[in-house]
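What the coordinates show
Read off the chains here:
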Amino acid sequence: TRRNRPSPLSHHSNGAGPACSAAGYRKAEDEMSGTTSQADPIDATARIVLLNRAQTTKFCDNHVSTAKYGILTFLPRFLYEQIRRAANAFFLFIALMQQIPDVSPTGRYTTLVPLIFILTVAGIKEIIEDYTMFWQHWISVAVGDMVKVTNGQHLPADMVIVSSSEPQAMCYTETSNLDGETNLKIRQGLPLTASFQSLEELMVLSGRLECEGPNRHLYDFTGTLRLENHNPAPLGPDQVLLRGAQLRNTQWVVGIVVYTGHDSKLMQNSTKAPLKRSNVERVTNMQILVLFGILLVMALVSSIGAAIWNQQHTDEACWYLSRAGDISLNFWYNLLTFIILYNNLIPISLLVTLEVVRFTQALFINWDTEMYYAETDTPAMARTSNLNEELGQVKYLFSDKTGTLTCNIMHFKKCTIAGITYGHFPDLDCDRSMEDFSHLPSTSQNSTEFDDPTLIQNIEKNHPTSPQICEFLTMMAVCHTVVPEREGNQIIFQASSPDEGALVKGAKSLGFVFTARTPHSVIIEAVGTSSQILCMLCFNVCLFCSNRKRMSVIVRTPTGKLRLYCKGADNMIFERLNETSQYKDLTVAHLEQFATEGLRTLCFAYVDLEEGAYQEWLKEYNRISTVLKDRAQKLEECYELIEKNLLLLGATAIEDRLQAGVPETIATLMKANIKIWVLTGDKQETAINIGYSCKLVSHGMSLVIVNEDSLDATRATLTAHCSSLGDSLRKENELALIIDGQTLKYALSFEVRQAFLDLALSCKAVICCRVSPLQKSEIVDMVKKHVKAITLAIGDGANDVGMIQTAHVGVGISGNEGMQATNSSDYSIAQFSYLEKLLLVHGAWSYNRVTKCILYCFYKNVVLYIIEVCALIAMCKTFKGVDHLKMTILSSSVFMFPTFMLQRKPGISGNFKIAISRHGVCNIYVYVCVCVCVCAGRVMQCWSFWLGLILVPTACLLKDVVWNAGRRTVRKSLLEEVQELEARAVDPGAAVLRDASGRSLNERAHLLTRVFRKTPSSVGRSNSVQQTVSHGYAFSQEEHGVVSQSQVVRSYDTTRQRPSM
């Protein structure tokens, strides 16, 4: 608490997510990932936080903003961005030159006023776009405050845990915003403060908290809590809750705020939003520089001509010109004069025209109803309009997995018990196809879609497999580390693993309800021949880890038997089965079937233990539990001694649900020659499963798995794979590269990076697992710099912000992980499937329209002002910088008619007029030119002029009128027909089903068919893939946490009343 502040335990966070943008994180020891993150503070001053007293040091407030500009930084940053454009820099130079007396043949403000107008329009557009991106996070907490956060809320600042509703001051946090992992992590306060749970106790706390100064090390924290009348207590990262994490499965937690606002570790890792430029803009800049070079040559030739003319025509010979003191006799003044005179060779209207065109294209994206997600009332949003054409040139797409490709919802779908598979749909004789799932209602709240009454009927009718079914369901309700909580008549399951939560809920739906847990027992309500309550004594929990790929519990059944339940990956379970175990072949066949549907499987087995053998094992287990050296490894070896001679019961199948339309979208983008890389913080097996189910990895692909733990091993493995490819290196092969974050630490180092890139470019799909946010941005940056292709990154969490900002184009998904990615992105959409139309329609057409607009502006100015260098014009001006408008217009009139007709060119009318003509700029310009030309012809009264006015345009446009117009009328291409229908707001579906001759659709037509097919909006759709894949097991838990899962289940007694604030 703090003096002169509201209630210290007031409800501060309001459930809002953090507004921080995280460019990257890494562990302290990870020094080989590269240098894309910010440098460490050289000397971060240690921080002293006083408890329940006013702070003696002023700390930064908790305000965080995602705006690109600030009130003070707008003008310098905006002007820098504008002057980087060669056209603006050139016209600023011309405007300055025009201020020199007697140099400019035009007015002093001829260029300055249009330039100010252009900059004003661009500035207004930037303010509007930045305002739409602006989102601030302001929660009134300060350093030293004690803040109460309740279940489901995001942490408003970095805070040290004081106490919580859970035993021993434990709490669960979800860090998917930070590292992409879906499993919950356990943090625990100090035993010293765990008992301080009332307002009165917290108010009387006195002392200070000493800790390190703000730094970017997300996984490090060093501090000391010094309470009066108590010994100092050390603080580490396990006692800290970070801003951006979400409190889960914990009623409340109270903490002391230590870092706020930009001092928080999340913001210490953030970067300013970059100023991105499109590739078209860079090319245009180069073209403008080329035109500037031509202008200099023209001005130089004209100045040399003027010098020669002045030498040949002296003052005595041209006494009637009165050239005494004439500035035109100076060569350098003449050069400046001609530069100013010819400056219109570079179109000053180009930039403002492009700004208006791009802004209108951004509105088209915002107004697209096919990218509107009705369930959350979320439309697509172009947060910047400067990159519209970049969307049409994307070659590499980097995607997050959790929340981007998947819904982050686990569903218990099917199971096989005693050789019989369950989980089919009762109204069909066979399993439903992928399309059939689109009609199912969303059941995300239940986490189960198991709908097969046969299983319960087999129990009730005493089927021969009824004992195995009951044992299987009992194991589902017992073998886990879930903690149940009651809210009224409802039971809420606290699960650190979403897979375990889905299984326990699945058992509940089948009548085996996990109701309570005590430190030494679990209680379930089970159905059978008669309903009964089973209380099983839980003795030991053999923990899950990535190496073991399984977990076990040892219980004593109500009948007095000592039984070990074991669940895990199929290969781990089958290796430990007894030779007499039944149902092996049938279970393997069912596992294959589940795998073809993209489901994640777990095998279930058990064994009855002898009392004497168990006691001997228990002595060894207790001895190893106290060993200091290599305890984890020795415990794994100890578990091996008891987990053997198992009897197979069956297997479960869990679906990590994909978003609607993800497989189809990925398949379409891959057909469009867009390379897709999945970068996820999740486990390798989970990522591979998702790769198969979303069609990124196909049946025919070979998996190249690279998991190494040293630089030399990584180098040797990558070099060996590159050598084996031979001439196919850097060419697309039917390979999928799977690499984990530990290996990436070495693969991204300077000496190995090229080999890694060569191997990755040789694969059709790349999946990077367990990667940190920093590694995500480094991978994107590597491809961006070395491949020279347009990159796009898409994600939905704070851990994706780094790669979103690094890529040429960043797309944020408005998902369940907050608005961090959306607020840092260039474009935001609600579903991954909308990316298809964003790229293949809006992107492709924006690129087409913008490039034609640029070419039109260049052509218009070139044909208008290039004539001024002609000898005739030069002689008429006597090589002086005097504007001779009528002669220029007269000479250029025949060149302007093709420009005028360009607007009517049949091949581009459907798109070009939308992008340009609607603004009226071209029409007005053409009307003026025609009027001036007709006026010139009337003054000249020359029949040859009028004849040329008719013949020259006719000859120039004959090909377009006869060939192009005729072809487009009689034999349109599919693209042209679709464009015209879309421009008239007509459904192009009929057009894409046939071509002009009625033949079958080609590949491009199929792409368009997919683009214009509306995607079902239901998240509840299942996307399975019918193909043979490796079995993926469903399990994810925090490993080596501050509190082991065994300790967690020993700490709870859900039969007692929980403490409340």
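Bear in mind the structure is a predicted one, so any value in this text is a computation, not a measurement. (Residues numbered from 1 in each chain as written. Predicted model: local features only at pLDDT ≥ 70, side-chain atom pairs only at ≥ 80, totals over all residues. Heavy atoms only, no water.)

Thoughts on the overall build of the chain
- A tally of regular secondary structure across the chain gives 33 helices and 34 strands.
- Split into buried and exposed, the 1061 residues of the chain put 57% on the buried side.
- Taking all contacts inside the chain whose residues are at least 6 apart in sequence as the whole, residues at least 24 apart take part in 77%.
- For the chain, the accessible area works out to roughly 44100 Å², and carbon and sulfur atoms hold 57% of it. (Helix = DSSP H or I, 4+ residues; strand = E, 2+ residues; numbered from the N terminus. Buried < 20%, exposed > 50% of the residue type's maximum accessible area, 1.4 Å probe, protein only. Contact = heavy atoms within 4.5 Å. Areas by Shrake-Rupley, 256 points an atom, 1.4 Å probe, with all protein chains shown as cover.)

Observations concerning the packing of aromatic side chains
- Evaluated as defined, the whole model comprises 14 aromatic pairs.
- Here the aromatic rings of Phe90 and Phe91 are separated by 5.1 Å at their centres, their planes lie at 70°, and the arrangement is edge-to-face.
- Judged by its relative accessible area of 5%, Phe90 falls in the buried class.
- Among the aromatic side chains, those forming a connected cluster through ring pairs are Tyr614, Trp617, Tyr621 and Tyr639. (Phe/Tyr/Trp six-rings, centres within 6.5 Å; stacked < 30°, edge-to-face > 60°.)

Points about the UniProt feature "transmembrane region" (unreviewed entry) in the chain
- The sites that carry the UniProt feature "transmembrane region" (unreviewed entry) are, in the present numbering, residues 288–311 and 331–354.
- Overall, residues 331–354 shows 71% helix and 0% strand. The separation of its end C-alpha atoms is 37 Å. (UniProt positions renumbered as here; feature names shortened; annotations may be inferred.)

Some words on the UniProt feature "binding site: Mg(2+)" (unreviewed entry) in the chain
- UniProt records the feature "binding site: Mg(2+)" (unreviewed entry) for Asp400, Thr402, Asp796 and Asp800 in the present numbering. On the basis of their most widely separated C-alpha atoms, the annotated residues across 401 residues gather in one place, lying no more than 10.6 Å apart.
- If we skip the residues at most four places from it in the chain, Asp400 touches Leu405, Leu679, Thr680, Lys776, Ile794, Gly795, Asp796, Asn799, Asp800 and Met803.
- A distance of 3.2 Å separates the side chain of Asp400 from the side chain of Lys776, its partner in a polar contact.
- Relative to the helices and strands, Asp800 resides in the loop between β31 (790–795) and α23 (801–806).
- The residues touching Asp800, leaving out its near neighbours within four places in the chain, are Asp400, Lys776 and Gly795. (Polar contact = N/O pair within 3.5 Å; in protein donor to acceptor, adjacent residues only side chain to side chain.)

Some words on the sheet that holds strand β6 (residues 170–174)
- In space, the 3 strands of this open sheet follow the order β7-β6-β12, with antiparallel pairing throughout. Each edge of the open sheet carries a strand with a single partner, namely β7 (185–188) and β12 (246–248). Recorded for the sheet is a direction-independent mean angle of 45° between the axes of neighbouring strands.
- Relative to β7, β6 runs antiparallel, the two being bridged by 4 bridges. (Pairing = 2+ DSSP bridges. Axes fitted to C-alpha atoms, helices over the stretch in contact; angles between N-to-C directions.)

Points about a nonpolar patch on the surface
- Together, Leu75, Leu79, Ile83, Leu92 and Leu96 give the surface a local cluster of nonpolar side chains, amounting to about 420 Å² of exposed area.
- When residues of the nonpolar patch are traced back to their parent elements, those giving at least two are α1 (74–83) and α2 (86–97).
- In terms of residues, the nonpolar patch owes the most to one element, α1, which gives 3 residues.
- Residue position: Leu79 is located in helix α1. (Patch = residues over 30% accessible without salt bridge, like charges linked within 9 Å, V, L, I, M, F, W, Y side chains within 5 Å. Salt bridge = Lys/Arg side-chain N within 4 Å of Asp/Glu carboxyl O.)

Focus: the pairing of strand β9 (residues 223–227)
- Burial along β9 is one-sided: Gly223, Leu225 and Leu227 are buried, and none of Thr224 and Arg226, which face the opposite way, are.
- Sheet topology places β9 next to strand β10 (residues 233–235); 3 bridges connect them, and they run antiparallel. Across the sheet, Thr224 pairs through a bridge with Pro234, a residue of β10.
- In sequence, β9 turns back onto β10 through a hairpin of 5 residues, with Asn229 there showing a positive phi of about 70°.

Considering the pattern of salt bridges
- Enumeration over the complete set of coordinates arrives at 35 salt bridges.
- For Arg85, the salt bridge goes to Glu281, with nearest N and O atoms at 3.0 Å. Placement of Arg85 in the loop between α1 and α2 and of Glu281 in helix α7 (residues 279–312) is noted, with a sequence separation of 196 residues between them.
- Residue classification places Arg85 among the buried positions, given a relative accessible area of 5%.
- When its relative accessible area of 8% is taken as the criterion, Glu281 is described as buried.
- Residue Arg563 pairs with Asp608 through a salt bridge whose shortest N-O separation is 2.6 Å. Residue Arg563 is found in strand β24 (residues 562–568), and its partner Asp608 is found in strand β25 (residues 600–608); the two are separated by 45 residues along the sequence.
- Residue Arg563 is classed as buried on the basis of its relative accessible area, which comes to 8%.
- Among the ionic contacts, a cluster of salt bridges with common partners joins Arg85, Arg277, Glu281, Glu355, Arg358 and Glu389.

Details of the nonpolar core
- Judged by nonpolar contacts, the single largest core of 47 residues is most densely connected at Leu455, Leu473 and Tyr565.
- The dominant element in this core, judged by the number of residues it contributes, is helix α11 (residues 466–478), at 8 residues.
- In this structure, Tyr373, Leu387, Ile813 and Leu835 belong to the second largest nonpolar core, which totals 46 residues. (Core = buried A, V, L, I, M, F, W, Y, C linked by side-chain atoms within 4.5 Å.)

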